[in-house]
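# Chains, contacts and geometry: an overview
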Amino acid sequence: MFSPIGNAIGQIIPILLVTKSSTSSNISDDDGQYTVSGMTDLMIVELVLCIIPLILAVFLFSDKPPTPPSNSTQHKRAHSNQETNNNYDDMSILLQQDRNFNVSDSEEADSLQEVWLKLKREATILFGNRNYIVLFIAFSIGVGFFNSLLTLLNQIVAPHGYSNDDAGTFGAVFV
């Protein structure tokens, strides 16, 4: 839902902030040389619009939902919590014995390798599912076409006499 809203905002904000003025003193002389102003303001506004959701996501969302999304997840959580409680006492004793608990580089590399192998395994499972492949291709084509059209919209409408501002408005309406 937020992707189309973001695209619409991305089409409107540049129209409001970026202006183009001719460097020539003769307004009727179209020498093709222009001065663009407002790009710094546009980048600052886009930075702020990206950082606000980032901060909200970091502080307002937990890594796990409060209720499990399925019965199998609920069973895994219950089993994991039971193991954690059993092993907690042993782990706290070990951590108290060694206050300088550091992960060595080889352990970190092993962990990264395990994550990579798990990701590879899960991707293999996903791409082995015919329904997933159909959805993946359909959405990829749709999103690719939509983003390409929004990107090229100015070049499409400019030969028909529309300005950059008009192209941005068309893009926002199209979304």
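Residues numbered from 1 in each chain as written. Predicted model: local features only at pLDDT ≥ 70, side-chain atom pairs only at ≥ 80, totals over all residues. Heavy atoms only, no water.

### What to know about the overall build of the protein chain
A count of helices and strands for the protein chain gives six helices and two strands. The linear arrangement of helices and strands in the protein chain, starting from the amino end, is α-β-β-α-α-α-α-α. Residues counted as buried form 9% of the 175 residues belonging to the protein chain. When contacts within the protein chain are restricted to residue pairs at least 6 apart in sequence, those whose partners lie at least 24 apart make up 42%. Of the roughly 14,700 Å² of accessible surface on the protein chain, a fraction of 62% belongs to carbon and sulfur atoms. (Helix = DSSP H or I, 4+ residues; strand = E, 2+ residues; numbered from the N terminus. Buried < 20%, exposed > 50% of the residue type's maximum accessible area, 1.4 Å probe, protein only. Contact = heavy atoms within 4.5 Å. Areas by Shrake-Rupley, 256 points an atom, 1.4 Å probe, with all protein chains shown as cover.)

### What about the packing of helix α1 (residues 2-17) against helix α2 (residues 39-60)?
Any two packed helices are characterised by the angle at which their axes cross and by the distance between the axes. At a minimum axis distance of 10 Å, the contact between α1 and α2 shows a crossing angle of 145°. Handedness of the crossing formed by α1 with α2: right-handed. In this structure, α1 uses I9, I13, P14 and L17 to contact α2, whose residues at the interface are D41, L42, V45 and L49. (Axes fitted to C-alpha atoms, helices over the stretch in contact; angles between N-to-C directions. Left-handed = near helix turned anticlockwise from the far one by under 90°.)

### Here's the deal with the confidence of the model for the protein chain
On average, residues of the protein chain score 78 in pLDDT, and 76% of them are at 70 or above. A low-confidence stretch, residues 87-101 (pLDDT under 50), is modelled with one contact involving residues beyond four sequence positions or located in other chains. (pLDDT = per-residue confidence, 0-100.)

### Some remarks on the side chain of Q11
One can find Q11 in helix α1. Judged by its relative accessible area of 17%, Q11 is buried.

### Here's the deal with helix α5 (residues 130-157)
In this model α5 runs 39 Å from its N-terminal to its C-terminal C-alpha over 28 residues, within 8% of the 40 Å that 1.5 Å per residue would give. Of all the bends in α5, the largest measures some 45° and sits at T151. Within the span of α5, buried status applies to L150, L153 and V157. Looking at where α5 begins, the residue whose side-chain oxygen comes 3.0 Å from the main-chain nitrogen of N131 is N129. (Expected span 1.5 Å × (residues − 1). Bend = angle between axes of the 7 residues up to and from the residue. Polar contact = N/O pair within 3.5 Å; in protein donor to acceptor, adjacent residues only side chain to side chain.)

### Re the packing of aromatic side chains
Evaluated as defined, the whole model comprises four aromatic pairs. Where F127 meets F136, the ring centres are 5.4 Å apart and the plane angle is 85°; that geometry is what we call edge-to-face. By relative accessible area, F136 is classed as partly exposed at 39%. Ring geometry for Y162 versus F170: centroids 5.0 Å apart, planes at 80°, classification edge-to-face. (Phe/Tyr/Trp six-rings, centres within 6.5 Å; stacked < 30°, edge-to-face > 60°.)

### What to know about a nonpolar patch on the surface
A surface patch of nonpolar side chains, about 1,200 Å² in accessible area, is lined by I44, L47, V48, I51, I52, L54, I55, L56, V58, F59, L60 and F61. Tracing the backbone through its elements, the reader meets V58 in helix α2. (Patch = residues over 30% accessible without salt bridge, like charges linked within 9 Å, V, L, I, M, F, W, Y side chains within 5 Å. Salt bridge = Lys/Arg side-chain N within 4 Å of Asp/Glu carboxyl O.)

### Notes on the packing of α1 against helix α6 (residues 164-174)
Two numbers describe how α1 lies on α6: the axes approach to 8 Å, and their chain directions differ by 160°. Here α6 runs roughly antiparallel to α1, going by the angle between their axes. In the crossing of α1 with α6, the sense of the turn from one axis to the other is left-handed. Residues A8, Q11, I12 and I15 of α1 touch α6, and the partners they reach there are D165, A167, G168, T169, G171 and A172. Of the residues that constitute the contact of α1 with α6, the class distribution is five nonpolar, four polar and one charged. (Parallel < 35°, antiparallel > 145°, perpendicular 65-115°, else oblique. Nonpolar A, V, L, I, M, F, W, Y, C, P; charged D, E, K, R; others polar.)

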